[in-house]
Amino acid sequence: MNNLSGFSRKADFHTHSVFCDGKNTCEEMLIAALDCGLEAFGFSGHAMWPFAGDCHIAINSFGAYVEEIKRLKSLYKNKIQLFCGYEAEYLPYASQPDLSVYKSQLAADYIIGSVHYLAPSPNLPPFAVDWKPEIIADCAEKCFGGNYRRLVEFYFETVRQMIKYSTFDFAGHLDLIRKLNGKLHFFSEDEGWYKEEIIKTARCCGDARIMAEINTGAISRGVMDDVYPGAEFLTELCRCNVPIVINSDAHSAAGIACAFDRAQIAAKNAGYTGSMQLFWQEDKPVWQFVPFVQ
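Just so it is clear, the model here is predicted, and its values are computed rather than measured. (Residues numbered from 1 in each chain as written. Predicted model: local features only at pLDDT ≥ 70, side-chain atom pairs only at ≥ 80, totals over all residues. Heavy atoms only, no water.)

Draft legend 1. Local environment of the pairing of strand β4 (residues 110–114). Most of β4 sits out of view: five of its five residues are buried. Residues Y110, I112 and S114 point to one face of β4 and I111 and G113 to the other, with burial holding for every one of them. Here strand β3 (residues 81–89) pairs with β4 via five bridges, running parallel. Residue pairing for β4: E87 is matched across the bridge by I112. Running through helix α3 (residues 99–106), the crossover from β3 to the neighbouring parallel element β4 is right-handed. Sheet analysis places β4 next to strand β7 (residues 170–171), joined by two bridges and oriented parallel. (Buried < 20%, exposed > 50% of the residue type's maximum accessible area, 1.4 Å probe, protein only. Helix = DSSP H or I, 4+ residues; strand = E, 2+ residues; numbered from the N terminus. Pairing = 2+ DSSP bridges. Right-handed = clockwise from strand over helix to strand, strands pointing away.)

Here it is in structure tokens:
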């Protein structure tokens, strides 16, 4: 599950602990990372600052989260480079990834910008796009008259809004809407309209000069036998000169660095020759390109 032989530096920057919806403590996650041979590791608790939902870091727990990561940085400083990050939620009119705010108020070394919820109707609460098939079906019926294409287009519209109007280091699982498609079969990635959505989104990433991740979380949790983004989407991102970051989105110690060999193959097939990683340089976090082992 954790084949890292093709990586000249081993790192994972998208992980979750018990501070949000993860199953293990930060230290348990870190020990597992060391067992995998990682040289750099980032904690990225779900955050909807200044609010919180069921799966996010509680407002009164941000201080404890930061202090625990500081403690681990000091304790393991000679073994691994550690970073304090957040997966910042984009939800229009409620929560927006803002790198300057997360750095100044929440001691962030980096943040991920992600869309997990859609808010297509002011009369209904937001819908999670990756939680349960029945939630997607209910959203499609109530907000889009049963038209799944319109729902998917709305999802990508929301992602592009996040990219245009937020600030963050890299975008998380850009095509998360695919997660439940294996059960619902509510769209085909071969359809022209879908391809147009990923092309527009890739171009949006390129115009904004952000990075995008290759995320293996669906593989480790057994919900989809593929990485995010899909092959065609990755190819479009490469064409638009969008750098990539390879991550596990681990919600347990067992998921750390899962299927990174498959992620690297997907990256190479799309045209990538390496990925971006975070380094400490003179006490500052800096992103650098790290080539794949040939």
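There's more to say after this.
Draft legend 2. Spatial organisation of the sheet that holds strand β8 (residues 211–215). Strands sit in the order β1-β2-β3-β4-β7-β8-β9 across an open sheet of seven strands; the sheet is parallel. Of all the strands in the sheet, the pair left with one neighbour each is β1 (11–12) and β9 (244–247). Sheet strands touched by helix α2 (residues 62–75): β2 (40–47) and β3. Its angle to β3, the strand with the most contacts, is close to 155°. (Contact = heavy atoms within 4.5 Å. Axes fitted to C-alpha atoms, helices over the stretch in contact; angles between N-to-C directions.)

Draft legend 3. Inspection of empty space enclosed by the protein at higher detail. Under the criterion given, the structure shown has two cavities of 30 Å³ or more. Empty space within the largest cavity amounts to approximately 40 Å³. For the largest cavity, the full set of lining residues is F7, R9, A11, F13, V245, I246, F260, S275, M276 and Q277. Counting only elements with at least two residues in the lining of the largest cavity, the list comes to β9 and β10 (274–281). Per element, the largest residue contribution to the lining of the largest cavity is three residues, and it comes from β10. The residue inventory of the lining of the largest cavity, partitioned by class, reads seven nonpolar, two polar and one charged. Within this model, the second largest cavity holds a volume of roughly 30 Å³. If you trace the second largest cavity, you find it lined by G113, V115, Y155, V159, M162, G172, H173 and L174. The element best represented in the lining of the second largest cavity is helix α5 (residues 148–165), accounting for three residues. (1 Å grid on protein atoms, 1.4 Å probe; cavity = no way out; pocket = protein on both sides within 12 Å on 5 of 7 lines; lining within 4 Å. Points joined across faces, edges and corners; volume = space filled by probe spheres on them. Nonpolar A, V, L, I, M, F, W, Y, C, P; charged D, E, K, R; others polar.)

So far we have only geometry, and geometry alone does not tell us how the molecule works.
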